[in-house]
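Structural overview for review
Each chain, letter by letter, is given below.
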Amino acid sequence: MNKRIHLGLIILLSLIFIISSLAFFVFNIDTVISQTRVRGISDIRQIMIELNKSLSTPGTDRMEAFQRIAYEQSIRIPAHIIIVDTNSNLLANSFLKAEDINGRYINADIVDAKEYGIAGSAYRLPGVPGLSVTVAGVQELLSEPIVIYLIYSIEDFQGLYRAFTAFGLGLVLVFSSMILLIVLYIQRGYQKPIRKLIQHTSAAVHGGFSKITIDTGNQELSKLVLNFNSLVDRYNELVKSDNWKYSRINTLLSNLNTGIIMVNLENEIILVNPRAESLLNLNKLNLFNVRRNNEEPNTILKEILRITRKVNNDQQSKSISLNNSENQILEVVADSINSKYHPYEPSGALVILRDVTEIRRMEKLKDEFVSNVSHELRSPLTVISGFVETLKSWKTLSEEDRTTALDIVEIETERLKKLISELLHLSRIEGRMDTDKFELFNAADIIREVITVLAPLGEKKGISTEVVLPDSEIIVSGVSLWYRQIVYNLYDNAIKYTNPEGSIKIRLSRESNIHILEVEDSGSGIAEKDIKHIFERFYRAERPGKNKVPGSGLGLTITKYIIEEFSGTISVKSSDLKGSVFSVRIPQEDRVKSET
Ligand code: ADP
């Protein structure tokens, strides 16, 4: 309960207590006094009767009679009795000393009695316990006026006071209980919704915004609850739209293939997206340390923070390439960023991290390819132009030399044609220029065709070719020329990379709805490190110490592209010097199966 309410209640109760006690006390004293007066008048009459009786007896000593009657009556009544004549001469005194009779108050009462016939007061007299109530009355005694003055001592005055106090207190208790009940009732009406409001606002402080469902029964409180509930609605809407915005940004940042790091003007990291974490090999603990203790867990991050510090200082964009521990090449571009609210004030730096390993590798491969192709183009052209020069002077040439020169020109022209056609082929397949029509063909027929063309080349090197074909036909749906290219490239490579007197095995088989083409050779094999790259454009495995085999590094790339067009896969098993097996797996379509 509120302290002010407590204090107010205490003051109110004290006032009730004081006022009611006083009221009761005054009321009761008045009652006692007036009752005593009534009694005093009858007591005075009785004394008069006794005095008359006594003084009518002849021979009675007047003063002695006064004193005796005063004494006797004072025991009966009981009260102190003083009898004076109209000149205030003392005739009798039952108790008080003479000097007290002349006291101010008693004199005043006697004077009043002489004037009005009867008078009286209430005093606290010295030497008289309790409250003294006086009654003075003028009487005619044997035609001589006298004043009989009675002093009643109300000794249980304290008891009376206590009784009054107890009564007052009881009254206060009843009143206070009633007031308390009323206050509690009113307070309950206020407190319940206020308590609810406090509960809800406290929960809101910790993020738990929920509406209040309570009937306050009070206009102001209802308004307050209504306002609070509207606030909750507004807050929930804001949170929803904020969450929506946040989740969009979060999804964007999480799925970006670009690493993002944000630092503030103090060069502290304030944002790192998952891609940046993985590029920099940072885990959550690293990040925590970086943020809390300014630790730089790896040199690459150290380098990045060095750049951002520079960017924060001069607001100039910076970009460098760095190598991380995974041997990736990272392109780091750091730029100054401005605050949303103060567009002209820088608020930190944004770092964009990109893994450019592949791009750089491709650039390198392209460069190598250009030099390879240039070389491949230049060498036959040099030979051709040389022999053309020679042929120009054919008159001095023998018939045999002329034929040899023309043969060489033809061979070199063929080489040039092959290289150019491979380049065109690659660009056509890469561009998915599917102008040829689909058809159904027997795979074995295509294999036989290729063997007829290429086997003599192998035989020239003393390489034998074994072909294992299935008994039943394997019908393939697609462009037969492309299938021919697959077989051609694999067989051609087998011949190229197999040493003289080696052997080649071509197998065609079926495994449920997949048909498998295998080209196995006893050739030079492929090193482990090269296997994962041989299907990439322009990639040629280096062959130190081995005879240089002409080629462009495009054959297997073209082969893989075509196999993918047939929805198939290609794999290779090989080890250095132990030959290679290329396996092509192409699924049979249902349509094809039903037609066969
Ligand atoms: P090219 O033969 O014109 O160089 P390919 O794309 O056909 O290009 O082959 C890529 C590389 O794969 C070759 O340079 C070679 O090192 C390796 N390779 C391909 N086939 C074989 C094979 N049968 N035996 C050994 N190495 C091979």
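First, a word on what this report is: a plain description of the structure on this page. (Residues numbered from 1 in each chain as written. Predicted model: local features only at pLDDT ≥ 70, side-chain atom pairs only at ≥ 80, totals over all residues. Heavy atoms only, no water.)

1. Describing the sheet that holds strand β14 (residues 503–511)
The cut-off we apply is this: A pair of strands is considered paired only if DSSP assigns at least 2 bridges between the two. The helix and strand labels rest on DSSP assignments: H or I over at least four residues marks a helix, E over at least two residues marks a strand, and numbering proceeds from the N terminus. Under this scheme, a helix contributes an axis fitted over its contacting stretch, all axes are lines through C-alpha atoms, and angles between N-to-C directions fall in the 0 to 180 degree range. Any two residues having at least one pair of non-hydrogen atoms within 4.5 Å are treated as being in contact.
The mixed open sheet is built from five strands, whose spatial order is β12-β14-β15-β17-β16. Each end of this open sheet is capped by a strand with a single partner; those strands are β12 (464–468) and β16 (569–574). If you compare each strand with its neighbour and ignore which way they point, the axes differ by 15 degrees on average. The sheet contacts of helix α12 (residues 443–460) involve β12, β14 and β15 (514–521), and relative to β14 the element is tilted by about 170 degrees. The strands touched by helix α15 (residues 555–565) within the sheet are β16 and β17 (580–587), with β16 carrying the most contacts at an inclination of about 135 degrees.

2. Thoughts on the site of the ligand
Put simply, the test is: One heavy atom within 4 Å of a molecule or strand is enough for the residue carrying it to be called near that molecule or strand. Each polar contact in these results corresponds to two N or O atoms within 3.5 Å; when the atoms are within protein, one needs to be able to donate a hydrogen and the other to accept it, and residues that are neighboring in sequence are counted only if both atoms are side-chain atoms. All accessible-area figures derive from a Shrake-Rupley calculation using a 1.4 Å probe, and residue coverage is judged against the displayed protein chains alone. Only Asp, Glu, Lys and Arg are considered charged in this grouping, and only Ala, Val, Leu, Ile, Met, Phe, Trp, Tyr, Cys and Pro are considered nonpolar; every other residue, Gly among them, is considered polar.
If you check the shell around the ligand, you find 20 residues, and the closest are N493, Y497, D521, R540 and L556. Here G553 contributes a backbone N or O atom positioned 3.1 Å from an oxygen atom of the ligand. In the environment of the ligand, an oxygen atom lies 2.8 Å from a nitrogen or oxygen atom belonging to the backbone of L556. The protein chains hide 99% of the 530 Å² of surface that the ligand would expose on its own. When residues of the shell around the ligand are traced back to their parent elements, those giving at least two are α13 (480–496), α15 and β17. In terms of residue count, α13 provides more of the shell around the ligand than any other element does, three residues in total. Residue classes in the shell around the ligand are distributed as nine nonpolar, eight polar and three charged.

3. A few points about the packing of α13 against α15
This is how it is decided: Each crossing is labelled by how the near helix is turned from the far one, with a counterclockwise turn of less than a right angle marking it left-handed and a clockwise turn marking it right-handed.
Contact geometry for α13 and α15: axes closest at 9 Å, N-to-C directions at 145 degrees. By crossing handedness, the relation of α13 to α15 is classed as left-handed. Facing α13, whose interface residues are W482, Q485, I486, N489, L490 and N493, α15 presents G555, L556, I558, T559, I562, I563 and E565. Of the residues contributing to the contact of α13 with α15, the split by class is seven nonpolar, five polar and one charged.

4. Points about the nonpolar core
Filter applied, for reference: In these notes, a set of buried Ala, Val, Leu, Ile, Met, Phe, Trp, Tyr and Cys residues joined through side-chain atoms within 4.5 Å is what counts as a nonpolar core. Note on classification: 1.4 Å probe, protein chains only; a residue is buried when its accessible area is under 20% of the maximum for its type, exposed when over 50%, partly exposed between these limits.
Residues Y483, I486, Y491, L517, F566 and F582 are the most contacted members of the largest nonpolar core, which totals 43 residues. Broken down by secondary-structure element, the contributors of at least two residues to this core are α12, α13, β14, β15, α15, β16 and β17. In this view, Y483 contacts F441, A443, I446, L508, H515, L517, F566 and I586; residues no more than four positions away in its chain are not counted. In terms of nonpolar packing, the next biggest core, distinct from the first, is built from 27 residues, I29, I47, A65 and I83 among them.

5. Considering the pairing of strand β6 (residues 259–264)
Of all six residues in β6, five are buried, a share of seventy percent or more. Across six bridges, the pairing between β6 and strand β10 (residues 346–355) is antiparallel. The residue of β10 that forms the bridge with G259 is L353. Strand direction decides the pairing type here: β6 and strand β7 (residues 269–272), joined by three bridges, are antiparallel. Within β7, the residue paired with M262 across the bridge is L271.

6. Let's talk about the packing of aromatic side chains
What describes a pair of aromatic rings is the distance from one ring centre to the other and the angle between the planes of the rings. Stated formally: Two aromatic rings from Phe, Tyr or Trp, using only the six-membered ring of Trp, form a pair when their centres are within 6.5 Å; if the ring planes differ by under 30 degrees the pair is stacked, by over 60 it is edge-to-face, and anything between is tilted.
Counted under the stated rule, the structure contains two aromatic pairs. Between F441 and Y483, the ring centres sit 5.4 Å apart and the planes meet at 55 degrees, which makes this aromatic pair tilted. Remark: Y483 occurs in helix α13 and F441 occurs in strand β11 (residues 439–442); sequence separation between them is 42 residues. On the basis of relative accessible area, F441 is assigned to the buried category, the value being 7%. With 5.9 Å between their ring centres and 80 degrees between their planes, Y483 and F566 make a pair best called edge-to-face. Of this pair, Y483 sits in helix α13 while F566 sits in the loop between α15 and β16, placing them 83 residues apart in sequence. Per residue, the accessibility class of Y483 equals that of F566, and both read buried. Among the aromatic residues, those joined into a cluster by ring pairs are F441, Y483 and F566.

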